[in-house]
Amino acid sequence: MSTDMQKYSTANQEAAIARFADSHGMQVVRTYRDDGKSGLRIRGRTGLQALMRDVHIEPRGFNAILVYDVSRWGRFQNPDESAHYEFLCTRAGAPVVYCAELFPDMTGPMAAVLKSIKRSMAAEFSRELAVKVRAGQSRVAQMGFFTGGVTNFGMARKLLGDGVEDRGLLRIGQHKALNSDRVVLTAGKGWEVAVVRLIFYLYVKERMGELAISRHLNSRGITTRRGARWETLHIVRILRNEVYVGVTWYNRTTRPLGASPIRNPPEEWVRGDAPFAKPVISRRMFDEAQKIKASRPKRPTEEQYLDVLRAIYRAEGKITVRLVRASPYVPNYKWFYRRFGSLPAACRAAGIPPAPLGPPKRPRIGNGRRSAHQSA
């Protein structure tokens, strides 16, 4: 994850390896590199993966592998992973030589100890860097600046020079060039802003539900940013997102060193009021939408749905699709199919005899086709 301005950029590493090879009477015949890839895991490391494939092919075309330093295998959180890849290369007959270490091709117990220390230091560097980056990002987010990620529908990124000077909107793929610059979220394209305001108006003023709003937009040919149809979940996400009133949140989830995301407790969330940002809707409109959302009944839980099945069975002695659809306590009977796959499976989860799958089909006689003389 290096850039050309950093000390350990891939270009500088390649030049150092070339100088080492020239001074030792070696010739570089092939280069394996992973530009802009994380060193925390081998997934996505196409260069390293290609090396591990080629080292076992005969003839491979090279006799040794030059590596800048021990950490270039990766900053794996398990230091043995780096040792594993080095061992595979050595066993295949291609010894590993480190160009920027005090032990370029040294073997023996002392080299093993030094390499183990270096690998542990590389893993610890990633852990410390992650803590420092998270602390810096939290400070920037608390000031209301955008820290990265997907831009919400109806929003755009504005570049601020030195955190104050308005330098215009950033297009997709554009990024800030100076570390002193800052990015803030503000109102985006006019048609997207109009759609967001329409969604809040229909929800607050017309008292339309999320499903009705999505149908309203689709019936008028209004699409999402990607040109897709509106779903209920899209409306829900817009209605509860404070970014439209100029408030950003950071650290709601954490992904420690490439692991699965972890949801942080609310007291660890970082709130920021975006400066120089033009809100899409008023705070009064947003707060009114949240009051309406809180006043509406909550979605039934899985156990509440199963209780409805149990109640129907106690009253009717059986479970059928007709009885489930007729129940006033089941707003959408298809939920059972989405959650359990079928109504009989839902009955088994509720601990009651499964519902019949339907009347048996009439048996077919023959192959269903008639010969020419029969048709005649």
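Keep in mind it's a predicted model, so treat the numbers as computed, not measured. (Residues numbered from 1 in each chain as written. Predicted model: local features only at pLDDT ≥ 70, side-chain atom pairs only at ≥ 80, totals over all residues. Heavy atoms only, no water.)

> Go over helix α9 (residues 302-316), please, and point to the residues and values.
Helix length check: α9 (15 residues) gives 21 Å between terminal C-alpha atoms against 21 Å at 1.5 Å per residue, within 8%. Within α9, burial applies to Tyr305, Leu306, Val308, Leu309, Arg310 and Ile312. Taken together, the buried residues of α9 touch α10 (321-326), α11 (335-340) and α12 (343-350). Just downstream of α9 lies Gly317, where phi reads positive at about 80 degrees. (Helix = DSSP H or I, 4+ residues; strand = E, 2+ residues; numbered from the N terminus. Expected span 1.5 Å × (residues − 1). Buried < 20%, exposed > 50% of the residue type's maximum accessible area, 1.4 Å probe, protein only. Contact = heavy atoms within 4.5 Å.)

> Talk me through the packing of helix α5 (residues 190-204) against helix α8 (residues 283-295); I want residue IDs and the actual numbers.
Interaxial distance between α5 and α8 falls to 10 Å at its minimum, and their mutual angle equals 50 degrees. When the interaxial angle is binned, α5 and α8 end up oblique. Here the hand of the crossing between α5 and α8 comes out left-handed. Between α5 and α8, the residues in contact are Phe200, Tyr203 and Val204 and Met285, Phe286, Glu288, Ala289, Ile292 and Lys293, respectively. (Axes fitted to C-alpha atoms, helices over the stretch in contact; angles between N-to-C directions. Parallel < 35°, antiparallel > 145°, perpendicular 65-115°, else oblique. Left-handed = near helix turned anticlockwise from the far one by under 90°.)

> Could you give an account of the environment of Phe286, with specific residues and numbers?
Looking at the secondary structure, you find Phe286 in helix α8. Each C-alpha atom, one on Phe286 and one on Glu242, is 7.8 Å from the other, the two residues being 44 residues apart in sequence. Each residue touching Phe286, except ones within four places of it in the same chain, is listed here: Phe200, Leu239, Arg240, Asn241, Glu242, Val245 and Ile281.

> Please set out the sheet that holds strand β3 (residues 155-161) residue by residue, giving values where relevant.
In spatial order, the strands read β4-β3-β5; together these three strands make up an open sheet with antiparallel pairing. Each of the sheet's edge strands pairs with one partner strand only, and the pair in question is β4 (165-170) and β5 (182-187). Pairwise comparison of adjacent strand axes, ignoring direction, gives a mean angle of 35 degrees for this sheet. Where β3 meets β5, six bridges bridge the pair, whose relative direction is antiparallel. Bridge pairing links Arg157 to Leu185 in β5. (Pairing = 2+ DSSP bridges.)

> Can you lay out the nonpolar core for me, pointing to particular residues and giving the numbers?
Formed by 33 residues in total, the largest nonpolar core has its most connected members in Ile199, Phe200 and Tyr244. Listed by contribution, the elements that provide at least two residues to this core are β3, β5, α5, α6 (210-219), α7 (232-239) and α8. At eight residues, α5 tops the list of elements feeding residues into this core. With residues up to four places along the chain from it excluded, the contact list for Phe200 reads Lys205, Ile238, Leu239, Ile281, Met285, Phe286 and Ala289. (Core = buried A, V, L, I, M, F, W, Y, C linked by side-chain atoms within 4.5 Å.)

> So what about the packing of α5 against α6? Which residues, and what values?
Where α5 meets α6, the axes come as close as 10 Å, and the angle between the chain directions of the two elements is 135 degrees. On the basis of their axis angle, the class for α5 and α6 is oblique. Where α5 crosses over α6, the two elements pack in a sense that is right-handed. Across from Val195, Leu198, Ile199, Leu202 and Tyr203 in α5, the residues of α6 making contact are Glu210, Ile213, His216 and Leu217.

Just distances and angles here, no functional claims.
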